[in-house]
2 protein chains.
Amino acid sequence: MPKRRIALVEVGPRDGLQNQPRVLPTEIKRAMIDRLMAAGIERLEVASFVHPERVPQMADAEALVAGLPDRPGVQYIGLVLNRRGLDRALATRAGGARGVDQVGAVAIASDSFATKNQGQTADESVAVAVDIVRAARARGLSAQVTLSAVCGCPFEGRVDVARVVDMARRVAEAEPAEIALADTIGVGVPAQVAELVGRVRAAVGPVPLRGHFHDTRNTGIANVWAAVEAGVDAIDASLGGLGGCPFAPRATGNVATEDVVYLLDRSGVATGVDLDALIAANAWMRDHLDAPLPSRVARAGGFPRPKNDADAA
Amino acid sequence: MPKRRIALVEVGPRDGLQNQPRVLPTEIKRAMIDRLMAAGIERLEVASFVHPERVPQMADAEALVAGLPDRPGVQYIGLVLNRRGLDRALATRAGGARGVDQVGAVAIASDSFATKNQGQTADESVAVAVDIVRAARARGLSAQVTLSAVCGCPFEGRVDVARVVDMARRVAEAEPAEIALADTIGVGVPAQVAELVGRVRAAVGPVPLRGHFHDTRNTGIANVWAAVEAGVDAIDASLGGLGGCPFAPRATGNVATEDVVYLLDRSGVATGVDLDALIAANAWMRDHLDAPLPSRVARAGGFPRPKNDADAA
């Protein structure tokens, strides 16, 4: 029987770096992406086409994308929150340039969170995401949608599963390349994630599903495993667990790519990603940031190897 | 249907403090234990009856136990590694004193780890644990056994499940009050834990099972959930994730009690423990140690409560 395979989507260059106090030079971001690809990562969220004044860390989106290698088998993803962002993403492909290979749109499962983040109701955020998917596809560009705050809202607390399922159904009608379920604030637990994935899967049929988890309350890796067991096709992770200001008192880092790869390697699930190369990328990355990266696997190392391998079974 | 219930065994006062560079005064340990009981913890590993020169942090075992309140419904556990330790544990009960309510013995699933830790082979460690259980029971004292390094060995790497199952079967013949499966070095993953718990359960019949996990590679909480789903009756955890020098480069902290309570609360599993009281105990504990406690739930807080609870469902 072939081994189960999960695609990892590395979100460090966007979701990770966006939350760092330091704005990294474009060439360091590109070197980071190179190291991640060398480790075996085939899908990367590389940029965000949002207003450069709102997110100065992403102001170099066009320059970054223009300088990425035209590597086959790799997918470069750009985040877009509106038509203007989509136009910028499409422009990276003008004149035969490689540009981004996919755009990611976002719909938010709670009204309070949608209002604070994007000045929209939850329903409006669904309409915008659907519009982006349709417009991107009409221009021949792959598009997927992340449903945010599906495990809970920082302002409202509980988010109804039925609401998430209904949003997923409406998004699926636009035929996105993928729908992601995101526990944006890191409150979910595995039983909840299993229920969400199962019910969304039943509602959207063959649309591939992705899971996006944060380690804010230490349930991130448990939720990744629950999502994998419940049948998602891909998992978001960020090098070292970058993202959401992991060193603030109320940390919200993404699950670390190293930790996810360790989990899946040891569970017999293939990712195509080399853990040692990731740990080396983590060590390299540290020198370009103001704080250590929180991945525990990067600190502890992988599964112990017997000193004398010849003696081992 | 009554809610599923899991007993938490708080190991912070022993497994946690034993690895702190600072030796805490007896009265601070006692205050820690008081706060944990006030939060609803009913089983606590309070002391270790090992040689005081080997583990100076535990040198006050007798004084500590003598000063514990004679509280009904609570179980005080003392770690013993040999007959001498058992005699000391029994002596705490002499003359009608409450003393410890249970002793915990240890057997180690790999020869290299058993040799380095206790100067025994794995088989010898099983024989010692069985002897301790039989001798304790003969004196009317409850005794349980932890099987260590069941998910992997720092020197040998892989540990066979069949070996762990065989050890559990031999230990079960002594009729311990409980058998714990311990991922001592934090290398396990949920599928492995589920298999171990299932196969040990099948081998030992009605003996209650406990899970003991470390968060070294960020799989601790995922493993707790896998063990709960696979049917363990109790879980070890330590306040704040104390233990195993969590701030060393190769961290090996226990799963944090706060993180386990958050996971189980949100999963509909009862523990009888109040998360807010634990987070307050964590804040109090910090002032008596040299470093922050790594629990992520203590940093991030529990599940968000809507500002205006009257508006919430």
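Higher on the page you've got the structure.
These numbers were taken from a predicted model, which means no experiment stands behind them. (Residues numbered from 1 in each chain as written. Chains lettered and ligands numbered in written order. Predicted model: local features only at pLDDT ≥ 70, side-chain atom pairs only at ≥ 80, totals over all residues. Heavy atoms only, no water.)

Caption draft 1: Representation of the pairing of strand 1 (residues 7-10) of chain A in the model. Residues and elements named next belong to chain A. As paired elements, strand 1 and strand 8 (residues 234-237) share four bridges and run parallel to each other. Within the sheet, the bridge partner assigned to Leu-8 lies in strand 8 and is Ile-235. Bridge count for strand 1 against strand 2 (residues 43-48) is two bridges, and the pairing is parallel. Note that in strand 2 the partner of Val-9 across the bridge is Arg-43. (Pairing = 2+ DSSP bridges. Helix = DSSP H or I, 4+ residues; strand = E, 2+ residues; numbered from the N terminus.)

Caption draft 2: View of the relation of the copies chain A and chain B. For these two chains of identical sequence, chain A goes onto chain B by a turn of 180° and a shift of 0.0 Å along the axis, with RMSD 0.0 Å. The superposition of one copy onto the other is thereby described by a two-fold rotation axis. Taking C-alpha positions as the reference, the residue of chain A nearest the rotation axis is Ala-222 of chain A, at 1.9 Å. (Least-squares fit on C-alpha atoms with pLDDT ≥ 70 in both.)

Caption draft 3: Local environment of the interface of chain A and chain B. Tallying the contact residues gives 42 residues for chain A and 42 residues for chain B. Both sides of the chain A and chain B interface together cover about 3400 Å² of buried area, and 56% of this is carbon and sulfur. Our count for the chain A to chain B interface comes out at two salt bridges. On inspection of chain A and its partner chain B, the count reaches 13 residue pairs in polar contact (both at pLDDT 80 or more). Mapped onto the side of chain A that touches chain B, the elements with two or more residues apiece are helix 8 (190-204), helix 9 (220-230), helix 10 (257-266) and helix 12 (296-300) of chain A. When the residues that make up the side of chain A that touches chain B are grouped by side-chain class, the tally is 24 nonpolar, eight polar and ten charged. (Contact = heavy atoms within 4.5 Å. Buried area = accessible area lost by both parts, 1.4 Å probe. Salt bridge = Lys/Arg side-chain N within 4 Å of Asp/Glu carboxyl O. Polar contact = N/O pair within 3.5 Å; in protein donor to acceptor, adjacent residues only side chain to side chain. Nonpolar A, V, L, I, M, F, W, Y, C, P; charged D, E, K, R; others polar.)

Caption draft 4: Broad picture of the pairing of strand 8 (residues 234-237) of chain B. Residues and elements named next belong to chain B. Here strand 8 shows no split at all, with Ala-234 and Asp-236 on one side and Ile-235 and Ala-237 on the other all buried. Alignment of strand 7 (residues 209-213) against strand 8, held across two bridges, turns out to be parallel. Bridge pairing links Gly-211 to Ile-235 in strand 8. Taking the sense of rotation as the criterion, the β-α-β connection linking strand 7, helix 9 (residues 220-230) and strand 8 turns out right-handed. (Buried < 20%, exposed > 50% of the residue type's maximum accessible area, 1.4 Å probe, protein only. Right-handed = clockwise from strand over helix to strand, strands pointing away.)

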